[in-house]
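# Structural features, examined
In case you want the letters, here they are:
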Amino acid sequence: MSQCTNKTSQNHTVILGGGLSGLATGFMLSAAGKKVSVLESGNNVGGLSQTVSHNGFLFDLGGHRFLTKKKELEQFVLALLKDDVLDVPRKSKIYMRRKYFDYPLKPLNATFGLGLGITCEILWDYFAQRVNNFFHDKELVSLEDWVVHRFGRKMFDLYFKEYTEKVWGLECDQISMEWVAQRIDGLSLGKAIKNAFFKFSGRDIPTLTDRFYYPLLGIGEISDRMKESIEIINSVETKTRVTKIRHADNTIQSVVAVNSHTYEQHGSEFVSSIPLTSLVKMLDPGPPQEIIDACNQLKFRDLVIVTLMLNRERITDLTWMYLPEKDIPLGRIHEPKNWSPHMSPKGKTSIVAEYFCFAGDKIWGATDEELRDITAENLIQLNFIRKEDVLDFCVIRAKNAYPIFEIGYQAHYEKILDYLSTFSNLHLVGRGGKFKYYNMDHALESGIETARNILKNAPIQ
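Residues numbered from 1 in each chain as written. Predicted model: local features only at pLDDT ≥ 70, side-chain atom pairs only at ≥ 80, totals over all residues. Heavy atoms only, no water.

### Here we look at the packing of aromatic side chains
Any pair of aromatic rings gets described here by the distance separating the centres and the angle formed by the planes. A complete count under the given rule lists 22 aromatic pairs for this structure. With a centroid separation of 5.2 Å and 65° between ring planes, the pair formed by Tyr214 and Trp339 is classed as edge-to-face. A residue pair is termed long-range when its members are at least 10 positions apart, and Tyr214 in strand S9 (residues 211–215) and Trp339 in the loop between strand S18 (332–334) and strand S19 (349–357) qualify at 125 residues. Here Trp339 falls in the buried class, since its relative accessible area comes to 2%. Each residue in the set Tyr163, Trp168, Tyr322, Phe356, Tyr402 and Tyr437 is aromatic and connected to the rest through ring pairs, giving one cluster. The ring centre of Phe358 lies 4.2 Å from the NZ or CZ of Arg301, which sits over that ring. (Phe/Tyr/Trp six-rings, centres within 6.5 Å; stacked < 30°, edge-to-face > 60°. Helix = DSSP H or I, 4+ residues; strand = E, 2+ residues; numbered from the N terminus. Buried < 20%, exposed > 50% of the residue type's maximum accessible area, 1.4 Å probe, protein only. Lys NZ or Arg CZ within 6 Å of the ring centre and 35° of its normal.)

### Digging into unusual backbone geometry
Glycine aside, residues mostly have negative phi, and peptide bonds are mostly found in the trans state. Looking along the chain, the bond that leaves Asp284 and enters Pro285 is cis, with omega of 5°. Secondary-structure assignment places Pro285 in the loop between strand S15 (283–284) and helix H11 (289–296). Backbone geometry places Asn55, a non-glycine residue, at a positive phi of 50°. Its relative accessible area of 60% is what places Asn55 among the exposed residues.

### Describing the pattern of salt bridges
The final tally for this structure, using the stated rule, is 25 salt bridges. Residue Glu74 pairs with Lys71 through a salt bridge whose shortest N-O separation is 3.0 Å. Of this pair, Glu74 and Lys71 both sit in helix H2 (residues 71–81), separated by 3 residues, roughly a single helical turn. On the accessibility criterion, Glu74 (11% relative accessible area) is buried. A salt bridge links Asp317 to Lys91; the shortest N-O distance between them is 2.5 Å. With Asp317 in the loop between strand S16 (299–310) and strand S17 (320–322) and Lys91 in the loop between strand S6 (85–89) and strand S7 (92–96), the pair connects residues that are 226 residues apart, well separated along the chain. Taken together, the shared-partner salt bridges connect Asp84, Glu221 and Arg225 into one network. (Salt bridge = Lys/Arg side-chain N within 4 Å of Asp/Glu carboxyl O.)

### Notes on the packing of helix H4 (residues 116–135) against helix H5 (residues 143–151)
Where H4 contacts H5, the two axes come as close as 7 Å, and the packing angle between them is 105°. Taken together, the axes of H4 and H5 are roughly perpendicular relative to one another. Contacts between H4 and H5 pair Tyr126, Gln129, Arg130 and Asn133 from the former with Val148, His149, Arg150 and Phe151 from the latter. A per-class count over the contact of H4 with H5 returns 3 nonpolar, 3 polar and 2 charged. (Axes fitted to C-alpha atoms, helices over the stretch in contact; angles between N-to-C directions. Parallel < 35°, antiparallel > 145°, perpendicular 65-115°, else oblique. Contact = heavy atoms within 4.5 Å. Nonpolar A, V, L, I, M, F, W, Y, C, P; charged D, E, K, R; others polar.)

### A short note on the pairing of S19
Taken across its 9 residues, S19 has 9 buried, putting it largely inside the fold. Burial along S19 is two-sided: Thr349, Ile351, Ala353, Tyr355 and Cys357 facing one way and Ser350, Val352, Glu354 and Phe356 facing the other are all buried. Sheet analysis places S16 next to S19, joined by 9 bridges and oriented antiparallel. Along S19, the bridge assignment pairs Met309 with Ser350. (Pairing = 2+ DSSP bridges.)

### Points about H11
Among all positions in H11, only Ile291, Ala294 and Cys295 are buried. Down the axis, H11 shows its buried residues gathered within 100° of arc, on one side only. Lining the buried residues of H11 we find helix H10 (276–282) and helix H14 (409–420). (Arc of directions from axis to C-beta.)

### Quick word on the sheet that holds S18
The pairing of strands in a sheet comes from backbone hydrogen bonds and takes either a parallel or an antiparallel form. Pairing within the open sheet is mixed, and its 7 strands lie in the order S8-S7-S17-S18-S19-S16-S20. A strand with exactly one partner marks an edge of an open sheet, and here the two such strands are strand S8 (99–103) and strand S20 (390–404). Within this sheet the neighbouring strands show an average axis-to-axis angle of 20°, counted without direction.

Purely geometric numbers; function is a separate question.
This is the structure we're talking about:
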C-alpha cells in the first residue's frame, strides 16, 4: 500500500457514507456549486436502499417503497426519476396459524381466519383496554406497554409479539416504545376497522397507505440518480473505507481513507451517515472513556438477504408477506416483479427473503449454499415454489441495518450526542448516523436539511 497522501481544500464538505441521506446532502450542495467528496465503503451507493443486479435479475435489499406526506419531498424524488416511476398498489399479507391474513388488518378477513370467537375477544379486549386507559394513567415504557395500551392484550399477543421479537431479537418488554410509536404513527384499531369497512385512503397514516411510488428499475435508481448529479462537478468514491477522523480544537480537521491507497482528506464541513457507533470509535484523538462506554451500549440489528431466481412467470400477487412465527426462520419475503415488471427477465421471477439476525449468529455464519437451501425448503413448505424452479441465487449480508431501541438506550444516546455537538463542523444524518429508525423519506429529508444548513452558514465568496 502506498504512503498516505494529503488532499487539502477549503470550503469542502466531506460526506461519510453514500446512502440516501449522504447522497441527498451531496446532491444539494453540488447543485449549489459547492465542493463535495462522498466516501462510501461499499461497492455501490444507496446503503439498504440499493438495487442489486444479478445475472439479469434486479432486486432490492428487502423491498423499499417511497411515500411521504410532504409535497416538496415527493416532487424532489419524482424530478430525479423523471418518467421512470410507477404508482404501485400495495397488497400485503401475514402468514400465521397456517392461514393468510390481510395486512393492514381487515376485520372480515380476520374474522374468517381466526374465527368469530377470537375476533370477538380481540374487540372486547380492545374496548376494555380503552376504558381502563380512561381511569388509569399508566406510564408507558416498553413496546409491549404501548401496543397493549393502544390495541389491547389479545391483539398484541396475536399480531405484534412474535414478529417484533423475531425482527429485533429481544423480548417486547425490553424494547423502547419509541420504535413502535414511530412505526405505527397515527394508527388505532378503530382507524384500521374504519379503513377496512369504509375504505378511506389511509394516506395520512403510513401504516395504512395502499399505494406507493416505485422506480422502474428498482429503488436504487434514486441513489444512482443523485450520484450521477453529484459527479458532474464532484466525486463519489466507492470501495473507500474511512479509518480515522482527526480533530483538534473542537473542529474536525480531516479523515483518513483507504481504497487503492491511503490518503488524508481535509475539509471545512463533515457530514456523517455511517453508524453512530462507528463514527465515535474512529475519532482521533479518541473520545473520553465514558463516551466509549455509552457507545458500547448502542446496538444494531443486522440483515441477511437471500434471493432465489426462479423459472416461473410469477409466484404471488403480493408486494410483501410477513412471516411472524418463529418456526419459520424467514422474517419477510417479497417478489420484485410485483413492484416492477422490469425486475426479472421475461418468463422468470424471483423471491427475496429477509433474515433478521446478529452478525456472528447461526444465520449470519451459514454458508451461501446453506442459506439458499434453508430459503428454498421453507418456500417449498409454504407451497410457493418447487425445488426444480430454482435457477440461481444471491446472498447479501448487511451489517448495522436497524438501530435497536432497547429500554435505557436514550441516556447513552444523549451522552454521545452531547459530546459530538462540541464539534462545530460535524453533522449527523440518516438512519445510522442519527441512530433513528428513519424511513426513506426521513433519510432524504435529513440530508437535504443538513445541506441547507451548511449553505446558510457558508462564508460569502
